[in-house]
Amino acid sequence: MEQAIQQTNIRKGLTGLVIPIFIETLLIMMLGAVDTVMLSQYSDESVAAVGVVNQIVMFAFLVFEVINIGTSVLCSQFLGAGLRQKMVQVVGVSLCLNLAVGLLVSAILHFGAETLLGWMGLRPELLKYGVGYMQIVGAFAFFQALSLTVSASLRSANKAIYPMLVTVLVNVMNIIGNYTLIFGKFGLPALGAEGAAISTSIARGVSMVVLFVILFRKHIPSFPVRYFRPFPWKELKNLLKVGLPSAGENMSYSFSQVVITYLINMLGNNALATRTYTVNIVMFVYLFAIAMAQGGAITIGHLVGQRKVRAAYLLGKYVMRLSILVSLILSCIWAALGHTIFSLLTDNPEIIRMGVTVMIIDVVVEIGRAVNIYATNALRSAGDVNYPFYVGLVVQWTVSVGFSYLFGIHWGWGLVGMWCAFLLDENIRAFIFVKRWGSMKWAKKAFC
């Protein structure tokens with residue numbers, strides 16, 4: 001009876017985390033989707049170009065996750081164990097590291113835009129849209145580096161409501177900015193893709209400033225110098241111990257998607273535009289799974305810090321079941337509405353035909369994806385950081401990339417064949433991760 005009451009209370013606490021994380025994640029996804037939808041009214045070529053740029057930019061942003069994932073895991077466990085000073089040390093070290101890394105990434109993306117897009121094989125008619133967009137968005141990548149760190153810290157302290165509210169502000173600003181700068185309203189010039197980039201960068205800068213104000217007022221009033229003398233090398237080591245393999249798995253996945261985007265580019269502009277539209281559509285399918293996984297990971301981290309391993313195990317199973325159910329329902333609805341959705345985005349019949357087909361295949365993709373999103377977050381939060389990296393590295397590259405080439409290019413199945421490869425990749429990894437969580441081998445890997 002006592003265990004049932006405890007699980008009920010834990011699930012209530014999880015709900016309080018998931019709702020603001022869900023809304024925040026929805027709005028973050030909308031930030032990219034708004035660019036795509038508005039640019040679709042400008043030209044399909046600009047959508048295709050920005051899709052390739054965002055693949056590179058998102059990969060670069062994953063460099064920041066080396067620190068941010070470690071921040072989230074360690075802060076959750078330290079707060080669960082009542083070790084507030086260690087939590088402050090972790091956040092301070094994280095902010096300094098991500099500032100340095102963010103400035104370096106910004107320089108690479110800005111000054112290397114044309115070279116990087118050339119490596120991606122972007123054709124001249126798309127390059128004119130892609131280079132300007134990437135130079136502007138890339139130059140201010142460090143805004144995102146710092147914002148992600150502050151948000152990770154706030155969420156780990158059960159203050160997810162604040163990043164959510166900031167994201168609301170950012171989206172409103174981005175929609176107004178896009179409308180103004182893409183199409184040239186209120187007396188300003190029509191800048192197309194570059195206008196979308198300027199709008200997004202300004203919104204991210206405002207987000208960073210507001211998040212810092214919230215951090216100091218609601219979570220960590222100051223970073224006392226004595227906390228960092230001598231320098232907390234152990235916390236830095238633990239950050240990297242968690243962050244490197246965790247971000248490595250994310251970077252492996254993202255880089256595999258860069259390679260797949262390169263392969264899709266070989267199929268032509270229509271396939272590339274279809275992929276960009278589809279990715280932005282299906283993001284809203286696995287949105288709930290992301291929110292559940294992030295909220296579950298924070299709660300699991302707290303429980304592991306409190307030595308309540310059985311409760312963490314049961315919560316993980318609950319998160320997985322609910323994530324699968326919601327993702328399956330949403331993916332079926334999206335597949336049924338596929339023709340309508342694509343017809344609203346483009347009048348190109350080939351893009352609509354391909355898009356409808358891959359949306360049907362994606363129903364099965366989302367079952368595996370929901371499990372993978374949950375499992376990687378849950379295992380990391382418990383301290384089992386290496387296992388998701390090894391599984392992702394092997395399966396993503398052999399199945400997702402290898403079979404994408406085999407099905408899509410070699411056998412000539414095109415984009416539909418590549419989506420079949422994604423189906424195999426997501427579901428093979430899902431099976432492996434379910435076995436890992438059930439084995440309880442993660443239970444002895446905590447950091448406190």
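Cut-off values and rules
- Residues numbered from 1 in each chain as written.
- Predicted model: local features only at pLDDT ≥ 70, side-chain atom pairs only at ≥ 80, totals over all residues.
- Heavy atoms only, no water.
- Helix = DSSP H or I, 4+ residues; strand = E, 2+ residues; numbered from the N terminus.
- Buried < 20%, exposed > 50% of the residue type's maximum accessible area, 1.4 Å probe, protein only.
- Contact = heavy atoms within 4.5 Å.
- Areas by Shrake-Rupley, 256 points an atom, 1.4 Å probe, with all protein chains shown as cover.
- Lys, Arg positive; Asp, Glu negative; His and termini not counted.
- Charge placed at Lys NZ, Arg CZ, Asp CG, Glu CD.
- Expected span 1.5 Å × (residues − 1).
- Phe/Tyr/Trp six-rings, centres within 6.5 Å; stacked < 30°, edge-to-face > 60°.
- Axes fitted to C-alpha atoms, helices over the stretch in contact; angles between N-to-C directions.
- Parallel < 35°, antiparallel > 145°, perpendicular 65-115°, else oblique.
- Nonpolar A, V, L, I, M, F, W, Y, C, P; charged D, E, K, R; others polar.
- Salt bridge = Lys/Arg side-chain N within 4 Å of Asp/Glu carboxyl O.
- Core = buried A, V, L, I, M, F, W, Y, C linked by side-chain atoms within 4.5 Å.
- 1 Å grid on protein atoms, 1.4 Å probe; cavity = no way out; pocket = protein on both sides within 12 Å on 5 of 7 lines; lining within 4 Å.
- Points joined across faces, edges and corners; volume = space filled by probe spheres on them.
- Domains from an automatic or database assignment.

**Student:** Is there a simple way to think about the overall build of the protein chain in this case?
**Tutor:** For the protein chain, the count of helices and strands is 17 helices and 0 strands. Each of the three principal axes of the protein chain carries a C-alpha extent, and together these read 60 × 45 × 35 Å. When each of the 448 residues of the protein chain is scored for burial, the buried share is 57%. A fraction of 84% describes how many contacts in the protein chain between residues 6 or more apart in sequence connect residues 24 or more apart. Of the roughly 18000 Å² of accessible surface on the protein chain, a fraction of 68% belongs to carbon and sulfur atoms. Positive and negative charge centroids in the protein chain, built from 32 and 18 side chains respectively, lie 18 Å apart.

**Student:** Is there a simple way to think about helix H17 (residues 414-439) in this case?
**Tutor:** Its 26 residues place the ends of H17 39 Å apart at the C-alpha level, agreeing with the 38 Å of an ideal helix rising 1.5 Å per residue. Looking one or two residues beyond H17, the residue adopting positive phi is Met440, at roughly 65 degrees.

**Student:** Would you mind showing me how to read the side chain of Ser331 here?
**Tutor:** Relative to the assigned elements, Ser331 resides in helix H13 (residues 309-336). Assessed through its relative accessible area of 3%, Ser331 is described here as buried. Residue contacts for Ser331: discarding those within four places in its chain leaves Val285, Val363 and Glu366.

**Student:** Sorry if this is basic, but what is going on with the packing of aromatic side chains here?
**Tutor:** How two aromatic rings sit relative to each other is given by the distance of their centres and the angle of their planes. Per the stated rule, a full pass over the model turns up 16 aromatic pairs. Between Tyr387 and Phe433, the aromatic rings sit 6.4 Å apart at their centres with planes inclined by 65 degrees, giving edge-to-face as the arrangement. Placement of the pair is Tyr387 in helix H16 (residues 386-410) and Phe433 in helix H17, with a sequence separation of 46 residues. In this structure an aromatic cluster arises from ring pairing among Phe403, Phe407, Trp411 and Trp413.

**Student:** So what exactly am I meant to see when it comes to helix H3 (residues 65-80) here?
**Tutor:** Residue pairs spaced three or four apart in an α-helix point in one direction, given the helix's 3.6 residues per turn. Spanning 16 residues, H3 covers 22 Å between terminal C-alpha atoms, matching the ideal 22 Å at 1.5 Å per step. Positioned one or two residues after H3, Gly82 has a phi angle of 75 degrees, which is positive.

**Student:** How should the packing of helix H12 (residues 287-305) against H13 be read in this particular structure?
**Tutor:** Between two packed helices, both the angle of their axes relative to each other and the distance between the axes serve to describe the pair. Viewed as axis vectors pointing N to C, H12 and H13 meet at an angle of 180 degrees, and their least axial separation amounts to 10 Å. Considering their axes alone, H12 and H13 lie roughly antiparallel with respect to each other. Contacts between H12 and H13 pair Phe288, Ala289, Met292, Ala293, Gly296, Thr299, Ile300, Leu303 and Val304 from the former with Ala311, Ala312, Leu315, Gly316, Tyr318, Val319, Leu322, Ser323, Val326 and Ser327 from the latter. Taken together, the residues of the contact of H12 with H13 break down into 14 nonpolar, 5 polar and no charged.

**Student:** Where do I start with the pattern of salt bridges in this structure?
**Tutor:** Side-chain pairs of opposite charge can arise where the charged atoms are in close proximity. A full pass over the atoms with the stated rule returns 7 salt bridges. With its nearest N and O atoms 3.5 Å apart, the salt bridge here joins Glu235 to Lys86. Of this pair, Glu235 sits in helix H10 (residues 233-267) while Lys86 sits in helix H4 (residues 84-111), placing them 149 residues apart in sequence. By relative accessible area, which is 26% here, Lys86 ends up partly exposed.

**Student:** Please explain the nonpolar core as it appears in this structure.
**Tutor:** Soluble globular proteins tend to bury their nonpolar side chains together. With 66 residues, the main nonpolar core has Leu109, Leu117, Tyr133 and Met134 as its most contacted residues. The greatest single-element share of this core, amounting to 10 residues, is contributed by helix H2 (residues 44-61). Sequence-distant contacts of Met134, that is, excluding residues within four places in its chain, are made with Val53, Ile56, Leu109, Ala113, Leu116, Leu117 and Ala139. Ala312, Tyr313, Tyr374 and Ala382 belong to the second-largest nonpolar core, a separate cluster that totals 32 residues.

**Student:** For this particular structure, what's the right way to read the layout of surface pockets?
**Tutor:** Reported here for the largest pocket is a volume of approximately 280 Å³. Ile56, Phe59, Leu116, Trp119 and Phe255 are, among the 13 residues lining the largest pocket, the residues nearest its centre. Where the lining of the largest pocket is concerned, the elements lending two or more residues are H2, H4, helix H5 (113-119) and H10. Taken together, the residues of the lining of the largest pocket break down into 13 nonpolar, no polar and no charged. When residues are assigned to domains, the lining of the largest pocket turns out to be shared by domain 1 (1-231) and domain 2 (244-439), each giving three or more.

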